[in-house]
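Structural description and commentary
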Amino acid sequence: MRAAGKVILPFLFGALLLIIWEVAIRLNHIPQFILPAPSAIAISLWKDGPDLLRNLSVTVEVTLVALLLATITGVAIAVALAQWPLAERTFFPYAVFIQVTPIVTIAPFIIIWVENIFVVLLILAWMAAVFPIISNTLLGLKSASANLRELFRLYRASRWQTLRRLLIPTALPYFLGGLRISGGLALIGTVVAEMVAGTSGAQSGLASRLLEASYRLELPRAMACFVLLSATGLILYWALKVLSHRLLRHWHESARGIEN
Amino acid sequence: MSETAVALRSVAKNFPNGIEALRATDLSIAEGSFVSLVGPSGCGKSTLLRLIAGLLAPTTGTIERHDDRMGFVFQDPTLMPWATALENVALPLRLNGGTDDSSARHALQRLGLDGFAGAYPHQLSGGMQMRVSIARATVTSPRLLLMDEPFAALDEFTRFRLNDDLRALWQKHGWTVVFVTHSVQEAVFLSQRVIVMSPRPGGIVADMRIDLPQERRNDFRLSHTFIDQCACVSTSLHAATAAQDSAA
Ligand SMILES: Nc1ncnc2c1ncn2[C@@H]1O[C@H](COP(=O)(O)OP(=O)(O)OP(=O)(O)O)[C@@H](O)[C@H]1O
Ligand SMILES: [Mg+2]
C-alpha cells in the first residue's frame, strides 16, 4: 500500500495536470505556436522521436564524457590539494573562480580559441560540473576521525597507505554527494553550451534542435525536446543515486536506512 | 623480570595555547606490569599516554621504550565503519605489508568474537565494538598495550566482564599494560600499581602498589581487602583534588 502510494499518487497528480492543460487549450482555442496541448507534444514525440533521439545521444555523450572528466580531474585536484595545504591555499580560489563564473560569459572565448565544437561543449560542461566534486571530495578527505589518524600514525602508515585505507574511504560518501550535483550540472552545462555555440544540423545536440524549433514556432517539437532533456536529467540523477546507494549500503548511514 | 618497559625522564608537555598539561614527570614502568592512571578530568592522563605512545612529542625530557611493538585502545572503539570486524582487526597487519589474516582471526577468537568476523561495526553492540578494538590493538602481539579509558562508555555488567577478560589475557600473554580510567575500583581491580594524577598543571601525586592476590574473581570486588585498597586510592585522589582546589 505504501509502496503503491509512492508511485501512484505522483502519477495521478501528473495525469490530472495534463488533463486540465489539455481541456484548457481546447476550450480556449489557444493556438499551437503559443502553447501546444499535451496531445500535440505527444504526437510530436512519437513522430520526431527517432530523429530527436539521435540529437539527444549527442547531448548525452557530451554530458557523460564531461562528467567523467570532471570526476577524474576533480578527484585528482582534491587529493592534491588535501595532501599539500600550501597547494590548497594557492589554487582553491581558482576553483571557486571557475564555479562562480557563469559559463555563458566564457563560451564566446572558448568558441574562438577551440575549433572542434565537441571539445568546446566538453570544456564548458566540465567547467559547470567540476567544482562540487572538488569541494566535496576535499571536505571528505579532511573529515577522517582524529583518532583513526593517530592509529595510522602509530603503525607508521605511509602517506599512500593513509590515503588509500583511511582518507579515500572517508571521502567516498562526500564525493558521491558531489557527483550527484555534478551530474545535473554537466547536463545543464552541455545544454547551455549548445545554445550559446549555436550548433545546427544532424550532428548537433538536442538543445540546438529545441532552439531551432522554437525559432520556427514549432512549439510541439520544441517541447518534445524539452521533455526528452528533462527525462535525461531525471534518469541521470536516479542512476547516480543508485550508484551511490550500491557503494555505501554496507556501512554508511545515508544508505542504511532503518533496518527491521 | 623487572626490565623497564617505559622510562620517562623529566618529561613535560605544554600545548601551544599555553596549557601546561604535564609538569616535569619521572616515571618508569616495569616490563610485564599492569599500571593504571587515575585522576580527575583534564589532569593529563591522555596526554601522558599519548606521550608514551610517541603520538605527542614532549616539550622537554626524554621517553624511552624498551620495545616499539605497541597497541593503543582509544576511549571510543575508533573502528573504520566501512570495514568488517576482521578487516578492522587486520589493519595493523596490512599496514605492515602482511596479507595473512590468520592472526587477525585468532585475535577475534581470543576476544570471543568468532562468529562476527564479517560484521560491520554498526552491526555490533558497544561492548563488542570495544572488543574488536582490543583485538586490533593486540593482533601484532605488542609488548606494550596502552588503553585510554576503554570501558568508560559501557554498562557495569559489560565492563566487569571485559575487566575479567583483560586480566586473563594480560596474565596469559605478559603484556605491559598502561590503563587510564576514571574509576578507582576498576584501577584497583585490574592493576599491580595505581598512579594518581592531579590537574593544573597535570602531574603524578601518588604512586601506589596494590597488594592483592593475583587471582581476582568477580566476588573479589566485595571483599574487605579490595574495598580497603580502593579507599586508600580514593583518599589520595581526594587529597590531590582538595589541595588543587584550595590552591586555586
Ligand atoms: N591538543 C591539545 N591542545 C591544547 N590543549 C590540550 C590538547 N590536548 C589536551 N589539552 C589540554 O591538556 C589538559 C590535559 O588533557 P588530557 O586530555 O590529557 O586530560 P585527561 O586527564 O585525559 O582528561 P579526561 O579524563 O577528561 O580524558 C587539558 O586541560 C586539555 O585541555
Ligand atoms: Mg582523556
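Being a predicted model, the structure only gives us computed values, none of them experimental. (Residues numbered from 1 in each chain as written. Chains lettered and ligands numbered in written order. Predicted model: local features only at pLDDT ≥ 70, side-chain atom pairs only at ≥ 80, totals over all residues. Heavy atoms only, no water.)

Residue and element names in this part refer to chain B. We note that the domain assignment places domain 1 (4-69 + 143-247) and domain 2 (83-141) within chain B. Just the C-alpha atoms count here: the centres of domain 1 and domain 2 sit 25 Å apart. Counting from both sides, the interface comprises 14 residues of domain 1 and, opposite them, 10 residues of domain 2. Interface area lost by domain 1 to domain 2 is led by Leu162, Leu169 and Trp175, which between them contribute 35%. Counting every contact that joins domain 1 to domain 2 gives 1 salt bridge. (Domains from an automatic or database assignment. Contact = heavy atoms within 4.5 Å. Buried area = accessible area lost by both parts, 1.4 Å probe. Salt bridge = Lys/Arg side-chain N within 4 Å of Asp/Glu carboxyl O.)

Take unusual backbone geometry next. Non-glycine residue A:His29 carries a positive phi angle of around 50°. Counting through the fold element by element, A:His29 comes out in the loop between helix 1 (2-28) and helix 2 (38-83). The phi angle at B:Ser141 is positive, at roughly 40°, despite the residue not being glycine. Tracing the backbone through its elements, the reader meets B:Ser141 in the loop between helix 4 (126-138) and strand 6 (144-148). (Helix = DSSP H or I, 4+ residues; strand = E, 2+ residues; numbered from the N terminus.)

Tallying each qualifying case throughout the model produces 0 disulfides over all chains. Note on B:Cys230: no disulfide assigned, nearest cysteine sulfur contributed by B:Cys232 at a separation of 9.8 Å. (Disulfide = S-S within 2.5 Å.)

Another aspect to go through is the pattern of salt bridges. All names here are of chain A. One pass over the full model with this rule turns up 16 salt bridges over all chains. In this structure, Asp48 and Arg221 form a salt bridge, with 3.3 Å as the shortest nitrogen-oxygen distance. Of the two residues, Asp48 sits in helix 2 while Arg221 sits in helix 9 (residues 219-248), which places them 173 residues apart along the sequence. Judged on exposure class, the residue Asp48 and its partner Arg221 are both buried. (Buried < 20%, exposed > 50% of the residue type's maximum accessible area, 1.4 Å probe, protein only.)

Glancing now at the sheet that holds strand 1 (residues 4-14) of chain B. Residue and element names in this part refer to chain B. The 3 strands are arranged 2-1-4 in an open sheet whose pairing can be described as antiparallel. Looking at strand neighbours, the two that pair on one side only are strand 2 (20-30) and strand 4 (60-65), the edges of this open sheet. Averaged over all neighbouring strand pairs, the angle between strand axes comes to 15°, with direction disregarded. Each of strand 1, strand 2 and strand 4 is contacted by helix 1 (residues 45-53), which is oriented at about 120° to strand 1, the strand it contacts most. (Pairing = 2+ DSSP bridges. Axes fitted to C-alpha atoms, helices over the stretch in contact; angles between N-to-C directions.)

Here we take up the packing of aromatic side chains. All names here are of chain B. Counted according to the given criterion, the structure contains 8 aromatic pairs over all chains. Look at Phe151 and Phe179: their rings are 5.9 Å apart centre to centre, the planes differ by 50°, and that puts the pair in the tilted class. Of the two residues, Phe151 sits in the loop between strand 6 and helix 5 (156-173) while Phe179 sits in strand 7 (residues 176-181), which places them 28 residues apart along the sequence. Each of the two residues, Phe151 as well as Phe179, counts as buried. Centroid distance Phe189 to Phe226: 6.3 Å. Interplanar angle 80°. Geometry classified as edge-to-face. (Phe/Tyr/Trp six-rings, centres within 6.5 Å; stacked < 30°, edge-to-face > 60°.)

Residue and element names in this part refer to chain B. Lining the immediate surroundings of ligand 1 are 13 residues, of which Ser41, Gly42, Lys45, Ser46 and Thr47 lie closest. One nitrogen or oxygen atom from the side chain of Lys45 is found 2.8 Å from an oxygen atom belonging to ligand 1. Contact between ligand 1 and His182: an oxygen atom at 3.1 Å from a side-chain N or O atom of the residue. Contact with the protein chains hides 66% of the accessible area of ligand 1, taken as 630 Å² for the molecule alone. Looking at which element gives the most residues to the shell around ligand 1, the answer is helix 1, with 3 residues. Class assignment for the residues of the shell around ligand 1 results in 4 nonpolar, 7 polar and 2 charged. (Near = heavy atom within 4 Å. Polar contact = N/O pair within 3.5 Å; in protein donor to acceptor, adjacent residues only side chain to side chain. Areas by Shrake-Rupley, 256 points an atom, 1.4 Å probe, with all protein chains shown as cover. Nonpolar A, V, L, I, M, F, W, Y, C, P; charged D, E, K, R; others polar.)

In this section: the interface of chain B and chain A. With 24 residues of chain B in contact, the opposing surface of chain A contributes 20 residues. Between chain B and chain A the total buried area reaches about 2100 Å² when both faces are included, carbon and sulfur atoms providing 64% of it. Taken together, the links from chain B to chain A amount to 1 salt bridge. Taking the shortest distance from any N to any O, the salt bridge between B:Arg50 and A:Glu150 comes out at 2.5 Å. Elements supplying a minimum of two residues to the side of chain B that touches chain A: helix 1, strand 5 (70-73), helix 2 (85-95) and helix 4 of chain B.

Residue and element names in this part refer to chain B. Taking strand neighbours across the sheet as the criterion, the 6 strands line up as 5-6-7-3-8-9 in an open arrangement whose pairing is mixed. Of all the strands in the sheet, the pair left with one neighbour each is strand 5 and strand 9 (203-209). Neighbouring strand axes in the sheet, compared pairwise and without regard to direction, differ in orientation by 15° on average. Pairing of strand 3 (residues 34-38) with strand 7, which is carried by 5 bridges, proceeds in the parallel orientation. Across the sheet, the residue bridging to Phe34 is Val177, located in strand 7. Lying on the sheet, helix 4 is in contact with strand 5 and strand 6; it crosses strand 5 at an angle near 165°.

On to the nonpolar core. Counting 66 residues, the largest nonpolar core has B:Leu48, B:Phe72 and B:Leu146 as its most contacted members. Element by element, the count of residues in this core is highest for helix 7 (residues 159-197) of chain A, at 8 residues. Setting aside anything within four residues of it in sequence, one finds B:Leu146 in contact with B:Leu49, B:Ile52, B:Ala53, B:Met70, B:Gly71, B:Phe72, B:Val73 and B:Val178. In this structure, B:Val73, B:Ala85, B:Leu169 and B:Ala206 belong to the second largest nonpolar core, which totals 51 residues. (Core = buried A, V, L, I, M, F, W, Y, C linked by side-chain atoms within 4.5 Å.)

Bringing the environment of B:Phe34 into the picture now. All names here are of chain B. Summarising the element assignment, Phe34 is placed in strand 3. Sequence separation of Phe34 and Ile52 is 18 residues, and the distance between their C-alpha atoms is 15 Å. Not counting residues up to four positions away in its chain, the partners in contact with Phe34 are Leu166, Trp170, Val177, Phe179, Leu190, Ser191, Gln192 and Arg193.

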